[in-house]
Amino acid sequence: MARHGIRILAEGNSHIFGGEFGADSGLVKSIDWKQGVIIAMGVPILILPGIYDIAGTAWGLSIFIWTISVLQGFAQNLAIGEMAAALETPGIGGCAQKVFTKPNSGRYSLGRFIGAFTAWAYWFTWTPVIPIFTCTSVDYITKYLEYGLGMEPLSSTATLLLQLAFGAIIFSVIILVGSRGLSGGAKLGLILALIAIVPLLVVIVMPLLGLTVGGGELGGFSIDRIMENIVPPGWDWGVSEFIMIFGMFAYAQWCACAWESAATYGAEYKTPGRDVPKALISAGLVCLALYFIVPFVVYGMMTPEQIDAWGVSTLYPIAQFDFGDIGLILALILLVAGMIMLIQTAFLGSSRTLYFMGHEGNMPKFFGKTNKNDAPIYAMLFQFAMGMIFILIIHFGSVGMILAASSFGFSFALGMGMLAFIVTRRSARFKDLPRPYKAPRGWFYVACFLMCYQFFVLIPSLAYWCINGGIQDGVFSVIIGAVILLMYIPLWILIQYFNGKDDERCFICRRTVDQYNCYVSKDNNLDNDEVADIMDQMDDLPVLQVGNAFVPLCPICYELTFGFSTNPEEKATGVKLNLSTDTKYDFDARDD
């Protein structure tokens, strides 16, 4: 490469990839902690498919698995909340990209890849929620048509068409509301919360109070039913059973720890230091109550055989027991509304993770664009398309298979989230980072334990549980989870290549490498340094030091900047000491 008198300090456009944690996220600060809690209130509905799936292995023991998983969530989410408030980035995915990407580390650096891969795993955690609960909502609707109205069961084709139509309508409404900003999503969430969470509590609490009609096939709540079915026959508390339990913990945390989504909007809280911890703790307390009382009542009213027969629709017979036949209509309204609320939570959370990956250059750049209301509209449209594709996959596979596969992504993302928290507490790069909210004293060691717990206990145990019959098509769950996670490696390399070509522009005139080559070679123009060593073609723009930063500068702008400099130190060192970043040249006019 021709030097043109430039001091070459690095290769590539490294100043763009600094990973600086003070950069503006591009999202508008529009919500407070109450709105963050409301948006996360779809999370308790996540327990519905989990009750059915875990019951097949643990029976009544599942009550303890759900409750302990929420408590584990408190330990994890307080650390995540500190990072989200300090970095003001969207949740685990955003924080990991900021923490692991070091300044001037280059586009293909290992830290940049680790942060991007963590964000991808987190995105894979939330994206299947959208189609899973779209299909589950349709399951409740078809069961009402069958049991409530006495219609014949729908054919497989008719069910698929209903799933796709229902998904298209719900996704469109969420995009319409969400395109107006996150506060609009919170208002929709408040409406759905009033429809879903309050009636859910009524349905669950009424059997405990004895205020029921007594309709349907159930016989009322009984502690004895829980004790009689606490573990399945043949359970001997050996090594295999304990591994299965930890596998179910990994599966359960996909549901019970997901209220960390309240931290996903860390860049959009008006006062992150106050709003993030309030949102997380409030959401966690609600989930702790619901994740105990819902399985407690379900296992106290239904036998394992009845749970297996009703599948994901376990609250149908309980609502019928509470209110008689009208309970089916009530269950349909409250549960479908709750699942739509959860779809909205997943839709908004996953689209913001995708947005920030585009913002950081780890996904195509158009994902990092927002509309006039600062909503990541392109990322939301992509979630629409992925939701429709996953509906097709689930229809020809199973809900549990995709949910288990997604659980691998969540376990990895949580482990990396704890590692990111550890780095922010120990790395000199973050020593002066303001922390408007800080996790309790000693949380560094809690995070160390949880990181090892995720990587070396939960992930292997989840694979063991899936393979040994814990889930339908368990082997395929492991394969699908591994394939979707690993496919990001070649995808990331391609994204870096194409983004790099697009990013490599001169700091001043904004010419790309191709534009410069065209200007100099094909149009037979010469820059101001008309000497024999001029390059006809350049592969990269040279990078030079401007003050304390590294910037790419094409030879033409170098000559314009340094060729007429009167500062001897600048001319001798090739380092421009004071260059305004606002200086722009009209290269289109110059080309003419």
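### Side note on the overall build of the chain
Part 1 of the reasoning: Looking only at helices and strands, the chain has 23 helices and 2 strands in total.
Part 2 of the reasoning: The buried share of the chain, taken over its 592 residues, is 59%.
Part 3 of the reasoning: Sequence separation of 24 or more characterises 83% of the internal contacts of the chain that already satisfy a separation of 6 or more.
Part 4 of the reasoning: Carbon and sulfur atoms make up 63% of the accessible area of the chain, which totals about 23000 Å².

### Here's the deal with the nonpolar core
Part 1 of the reasoning: Counting 165 residues, the largest nonpolar core has Leu46, Trp66, Phe133, Tyr140, Trp254, Tyr291 and Leu315 as its most contacted members.
Part 2 of the reasoning: Ranked by residues supplied to this core, first place goes to helix α14 (residues 326-359) with 17 residues.
Part 3 of the reasoning: Not counting the four nearest positions on each side in its chain, tryptophan 66 is found in contact with Ile47, Gly50, Ile51, Ile54, Ala252, Cys255, Ala256, Tyr291 and Pro295.
Part 4 of the reasoning: Formed by 14 residues, the second largest nonpolar core is a distinct cluster that contains Cys506, Leu541, Val551 and Tyr558.

### Examining the packing of helix α5 (residues 110-126) against helix α18 (residues 474-486)
Part 1 of the reasoning: In the contact formed by α5 and α18, the axes pass within 10 Å of each other and the chain directions differ by 135°. Between α5 and α18, the interaxial angle falls into the category oblique. In terms of crossing hand, the pair formed by α5 and α18 is right-handed. Of α18, the residues touching α5 (which contributes Phe117, Trp120, Ala121 and Phe124) are Gly481, Ile484 and Leu485.
Part 2 of the reasoning: Of the residues belonging to the contact of α5 with α18, the class tally is 6 nonpolar, 1 polar and no charged.

### What about the packing of aromatic side chains?
Part 1 of the reasoning: Taken as a whole and judged by the stated rule, the model has 27 aromatic pairs.
Part 2 of the reasoning: Ring geometry for phenylalanine 366 and phenylalanine 367: centres 4.4 Å apart, planes at 45°, overall tilted.
Part 3 of the reasoning: Given a relative accessible area of 3%, phenylalanine 367 falls into the buried group.
Part 4 of the reasoning: Across from the ring centre of phenylalanine 444, 3.7 Å away, lies the NZ or CZ of arginine 426, which sits over that ring.

### Structural notes on the environment of leucine 209
Part 1 of the reasoning: Its place among the elements puts leucine 209 in helix α8 (residues 182-209).
Part 2 of the reasoning: A residue is classified by how much of its surface remains accessible, and leucine 209, at 57% relative accessible area, is exposed.

### What to know about α18
Part 1 of the reasoning: Taking 1.5 Å as the rise per residue, α18 with 13 residues should run 18 Å; its terminal C-alpha atoms sit 18 Å apart, in good agreement.
Part 2 of the reasoning: Within α18, burial applies to Gly474, Ser477, Gly481, Ile484 and Leu485. End-on, the buried residues of α18 take up no more than an arc of 95°, which puts them together on one face. With respect to the buried face of α18, the exposed residues turned more than 90 degrees away are Phe476 and Leu486.

### Details of the environment of threonine 159
Part 1 of the reasoning: Of note, threonine 159 is situated in helix α7 (residues 156-178).
Part 2 of the reasoning: Relative accessible area serves as the criterion here: at 18%, threonine 159 is assigned to the buried category.
Part 3 of the reasoning: As a C-alpha pair, threonine 159 and aspartate 139 span 20 residues in sequence and 8.7 Å in three-dimensional space.
Part 4 of the reasoning: Those residues within four positions of threonine 159 in sequence are excluded, and the remaining contacts are Val138, Leu154 and His395.

### Overview of a nonpolar patch on the surface
Part 1 of the reasoning: Side chains of Tyr108, Leu486, Ile489, Ile493, Leu494, Tyr497 and Phe498 sit close together on the surface and give an oily, nonpolar patch of about 720 Å² of accessible area.
Part 2 of the reasoning: Considering every element that reaches the nonpolar patch, the biggest residue donor is helix α19 (residues 488-503), with 5 residues.
Part 3 of the reasoning: Position of tyrosine 108 relative to the elements: it lies in the loop between α4 (91-100) and α5.

### Details of the pattern of salt bridges
Side chains bearing opposite charge may pair, as long as their charged atoms lie close to each other.
Part 1 of the reasoning: Applying the stated criterion to the full structure yields 4 salt bridges.
Part 2 of the reasoning: Between glutamate 82 and arginine 425 there is a salt bridge whose closest N-O contact spans 2.9 Å. Taken as a pair, glutamate 82 in helix α3 (residues 62-87) and arginine 425 in helix α16 (residues 399-426) lie far apart in primary sequence, 343 residues in all.
Part 3 of the reasoning: The buried category is assigned to glutamate 82, whose relative accessible area is 0%.
Part 4 of the reasoning: Because the salt bridges share partners, they merge into one network encompassing Glu82, Arg425 and Arg435.

### Re α16
Count 3.6 residues to each turn of an α-helix, and residues three or four apart come out pointing the same way.
Part 1 of the reasoning: Taking 1.5 Å of rise per residue, the 28 residues of α16 would be expected to cover 40 Å, and the 41 Å separating its terminal C-alpha atoms lies within 8% of that figure.
Part 2 of the reasoning: With 24 of its 28 residues buried, α16 lies for the most part within the structure.

### Section: the packing of α5 against α16
Part 1 of the reasoning: For the pair α5 and α16, the least separation of the axes is 7 Å and the interaxial angle reads 140°. With respect to α16, the axis of α5 lies oblique. For the crossing formed where α5 meets α16, the hand is left-handed. Contacts from Ile114, Phe117, Thr118, Ala121, Tyr122, Phe124 and Thr125 in α5 reach Ala405, Ser406, Gly409, Phe410, Phe412, Ala413 and Met416 in α16.

### Description of the side chain of glutamine 454
Part 1 of the reasoning: With respect to the helices, strands and loops of the structure, glutamine 454 is situated in helix α17 (residues 443-470).
Part 2 of the reasoning: Looking at glutamine 454, the relative accessible area reads 0%, which means it is buried.
Part 3 of the reasoning: Only 2.8 Å separates the side chain of glutamine 454 from the side chain of glutamine 76, close enough to count as a polar contact.
Part 4 of the reasoning: Separated by 2.9 Å, the side chains of glutamine 454 and glutamine 253 make a polar contact.
Part 5 of the reasoning: Once you skip the residues sitting within four places of it in the chain, glutamine 454 turns out to touch Gln72, Gln76, Gln253, Ser411, Leu414, Gly415 and Ile459.

### Brief notes about the confidence of the model for the chain
Part 1 of the reasoning: Residues of the chain with pLDDT of at least 70 account for 79%, and the chain-wide mean is 79.
Part 2 of the reasoning: Across the chain, α17 holds the top mean pLDDT of 94, while helix α23 (residues 587-591) sits lowest at 40.
Part 3 of the reasoning: Ignoring residues within four places in sequence, the model shows residues 580-592, a span with pLDDT below 50, making 20 contacts including any to other chains.

### Digging into the environment of cysteine 287
Part 1 of the reasoning: Counting through the fold element by element, cysteine 287 comes out in helix α11 (residues 272-301).
Part 2 of the reasoning: The class for cysteine 287 is buried, based on a relative accessible area of 0%.
Part 3 of the reasoning: Filtering out sequence-adjacent residues up to four positions away, cysteine 287 remains in contact with Val43, Pro44, Val70 and Trp259.

Conventions and cut-offs
- Residues numbered from 1 in each chain as written.
- Predicted model: local features only at pLDDT ≥ 70, side-chain atom pairs only at ≥ 80, totals over all residues.
- Heavy atoms only, no water.
- Helix = DSSP H or I, 4+ residues; strand = E, 2+ residues; numbered from the N terminus.
- Buried < 20%, exposed > 50% of the residue type's maximum accessible area, 1.4 Å probe, protein only.
- Contact = heavy atoms within 4.5 Å.
- Areas by Shrake-Rupley, 256 points an atom, 1.4 Å probe, with all protein chains shown as cover.
- Core = buried A, V, L, I, M, F, W, Y, C linked by side-chain atoms within 4.5 Å.
- Axes fitted to C-alpha atoms, helices over the stretch in contact; angles between N-to-C directions.
- Parallel < 35°, antiparallel > 145°, perpendicular 65-115°, else oblique.
- Left-handed = near helix turned anticlockwise from the far one by under 90°.
- Nonpolar A, V, L, I, M, F, W, Y, C, P; charged D, E, K, R; others polar.
- Phe/Tyr/Trp six-rings, centres within 6.5 Å; stacked < 30°, edge-to-face > 60°.
- Lys NZ or Arg CZ within 6 Å of the ring centre and 35° of its normal.
- Expected span 1.5 Å × (residues − 1).
- Arc of directions from axis to C-beta.
- Patch = residues over 30% accessible without salt bridge, like charges linked within 9 Å, V, L, I, M, F, W, Y side chains within 5 Å.
- Salt bridge = Lys/Arg side-chain N within 4 Å of Asp/Glu carboxyl O.
- Polar contact = N/O pair within 3.5 Å; in protein donor to acceptor, adjacent residues only side chain to side chain.
- pLDDT = per-residue confidence, 0-100.

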